[in-house]
Amino acid sequence: NAGVMQNPRHLVRRRGQEARLRCSPMKGHSHVYWYRQLPEEGLKFMVYLQKENIIDESGMPKERFSAEFPKEGPSILRIQQVVRGDSAAYFCASSLAGTSGRSTDTQYFGPGTRLTVL
Amino acid sequence: GDSVTQMEGPVTLSEEAFLTINCTYTATGYPSLFWYVQYPGEGLQLLLKATKADDKGSNKGFEATYRKETTSFHLEKGSVQVSDSAVYFCALPGGSEKLVFGKGTKLTVNP
């Protein structure tokens with residue numbers, strides 16, 4: 001069973017360009033999460049999606065960032081008009097189910113996409 | 001909101017030394033607690049977890065006990081190896097499915 005897949009692994013963009021990051025969850029998983037890791041910091045939650053629905057986007061910057069998880073195909077994190085401060089590692093995770101009470105189902109992480117903005 | 005405070009590194013040990021990485025949490029109720037490990041250039045892997053108070057999670061020689069009295073979930077290993085060199089993250093659910101992570105502790109094990 002393949003794990004969470006992310007591509008590209010490395011992405012270089014110039015300021016003002018668009019970045020598209022893709023995430024294919026583990027087989028059978030319908031819950032997807034995106035996290036951002038800035039240099040020397042821990043992971044910060046960005047957005048949680050289920051198929052065709054954004055459930056929680058409380059960690060997403062208000063502008064330039066968007067995410068989707070269509071009925072078919074991978075989840076996409078899109079960053080428009082990138083700036084140098086967007087340089088980070090972006091991790092996707094997936095889980096089989098969500099919260100049951102206060103118990104969170106295990107989230108499995110992909111290898112990440114390292115975005116560099118020149 | 002719910003949060004974790006993790007011992008800051010970096011931590012440098014010799015092979016076969018004893019490891020402790022401290023983690024304390026602030027939360028309402030008794031959430032599940034997790035330790036994730038990130039090897040160089042890779043994503044996070046779940047190392048171990050505990051779902052209720054007094055549970056002990058264990059994997060690959062690592063252990064952590066969920067202690068509600070001290071709101072702690074310290075990671076321990078009796079004898080570290082060079083291959084354990086990585087960044088270790090403590091985490092808990094932050095509401096609405098997301099995980100809240102500590103800042104991470106970088107461990108380097110020298111031969």
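This text goes with the structure placed above it.
Caption draft 1: Structural detail: the interface of chain A and chain B. Tallying the contact residues gives 23 residues for chain A and 22 residues for chain B. Carbon and sulfur atoms make up 47% of the area that chain A and chain B hide from each other, which totals about 1,900 Å². Where chain A packs against chain B, one counts one salt bridge. Taking the shortest distance from any N to any O, the salt bridge between Asp 56 of chain A and Lys 98 of chain B comes out at 3.8 Å. Between chain A and chain B we count five residue pairs in polar contact (both at pLDDT 80 or more) in total. Listed by contribution, the elements that provide at least two residues to the side of chain A that touches chain B are β4 (31-37), β5 (43-50) and β11 (103-104) of chain A.

Caption draft 2: How the structure looks around the state of the cysteines. Counted under the stated rule, the structure contains two disulfides over all chains. With its sulfur 1.8 Å from that of its partner, Cys 23 of chain A forms a disulfide with Cys 92 of chain A. On the sign convention where negative means left-handed, the S-S torsion of about -55° between Cys 23 of chain A and Cys 92 of chain A marks this disulfide as left-handed. Residue Cys 23 of chain A is found in strand β3 (residues 19-24), and its partner Cys 92 of chain A is found in strand β9 (residues 88-95); the two are separated by 69 residues along the sequence. Taking the relative accessible area as the measure of exposure, Cys 23 of chain A reaches 0% and is therefore buried. With a relative accessible area of 0%, Cys 92 of chain A lands in the buried category. Disulfide pairing is shown between Cys 23 of chain B and Cys 90 of chain B; the S-S distance is 1.9 Å.

Caption draft 3: Quick peek at the sheet that holds strand β9 (residues 75-77) of chain B. Residues and elements named next belong to chain B. Ordered by their spatial adjacency, four strands build an open sheet running β3-β9-β8-β7, and the pairing between neighbours is antiparallel. On the outer flanks of this sheet lie β3 (19-21) and β7 (56-59), each paired with one strand and no other. For this sheet, the mean angle separating the axes of adjacent strands, direction not counted, is 15°. Here β7 pairs with strand β8 (residues 62-65) via four bridges, running antiparallel. Its bridge partner being in β8, Ser 58 is matched across the sheet by Glu 63.

Caption draft 4: Representation of the sheet that holds strand β7 (residues 65-68) of chain A in the model. Residues and elements named next belong to chain A. Strand order in the open sheet formed by four strands is β1-β3-β8-β7, and the pairing between neighbours is antiparallel. Pairing within the sheet leaves two strands with one partner each, and these edge strands are β1 (5-7) and β7. On average, each strand axis in the sheet is inclined to that of its neighbour by 15°, with strand direction left out of account. With four bridges joining them, β7 and strand β8 (residues 75-79) adopt antiparallel strand pairing.

Caption draft 5: Geometry of the pattern of salt bridges. A complete count under the given rule lists seven salt bridges over all chains for this structure. Here the salt bridges do not stand alone but share partners, grouping Glu 18, Arg 20 and Arg 78 of chain A into one network.

Caption draft 6: Molecular detail of the pairing of strand β13 (residues 113-117) of chain A. Residue and element names in this part refer to chain A. Of the two faces of β13, only one is covered, namely that formed by Thr 113, Leu 115 and Val 117; the face formed by Arg 114 and Thr 116 stays uncovered. As paired strands, strand β2 (residues 10-13) and β13 are joined by four bridges and run parallel to one another. Of the residues in β13, the one forming a bridge with Val 12 is Thr 116. With three bridges joining them, β9 and β13 adopt antiparallel strand pairing. Across the sheet, Ala 89 pairs through a bridge with Arg 114, a residue of β13.

Caption draft 7: Structural detail: the nonpolar core. If you look at the biggest cluster of nonpolar residues, it comprises 26 residues, and the most contacted ones within it are Leu 19, Trp 35, Leu 47, Leu 48, Phe 73, Leu 75 and Tyr 88 of chain B. Looking at this core, the elements that each hand over two or more residues are β2 (11-14), β3, β4 (23-26), β5 (33-38), β6 (44-50), β8, β10 (86-93) and β12 (105-110) of chain B. Tallying contributions element by element places β10 of chain B first for this core, with four residues. Listed in part, the 23 residues of the second largest apolar core include Val 32, Leu 49, Phe 65 and Ala 67 of chain A.

Caption draft 8: Looking closely at the pairing of β6 of chain B. Residue and element names in this part refer to chain B. Looking at chain direction, β5 and β6 are connected through six bridges and run antiparallel. For Tyr 36, the partnering residue across the bridge sits in β6 and is Leu 46. With antiparallel pairing between neighbouring strands as the criterion, β5 and β6 make up a hairpin whose turn holds five residues, including Gly 41 at a positive phi of roughly 75°.

The rules behind these values
- Residues numbered from 1 in each chain as written.
- Chains lettered and ligands numbered in written order.
- Predicted model: local features only at pLDDT ≥ 70, side-chain atom pairs only at ≥ 80, totals over all residues.
- Heavy atoms only, no water.
- Contact = heavy atoms within 4.5 Å.
- Buried area = accessible area lost by both parts, 1.4 Å probe.
- Salt bridge = Lys/Arg side-chain N within 4 Å of Asp/Glu carboxyl O.
- Polar contact = N/O pair within 3.5 Å; in protein donor to acceptor, adjacent residues only side chain to side chain.
- Helix = DSSP H or I, 4+ residues; strand = E, 2+ residues; numbered from the N terminus.
- Disulfide = S-S within 2.5 Å.
- Buried < 20%, exposed > 50% of the residue type's maximum accessible area, 1.4 Å probe, protein only.
- Pairing = 2+ DSSP bridges.
- Axes fitted to C-alpha atoms, helices over the stretch in contact; angles between N-to-C directions.
- Core = buried A, V, L, I, M, F, W, Y, C linked by side-chain atoms within 4.5 Å.

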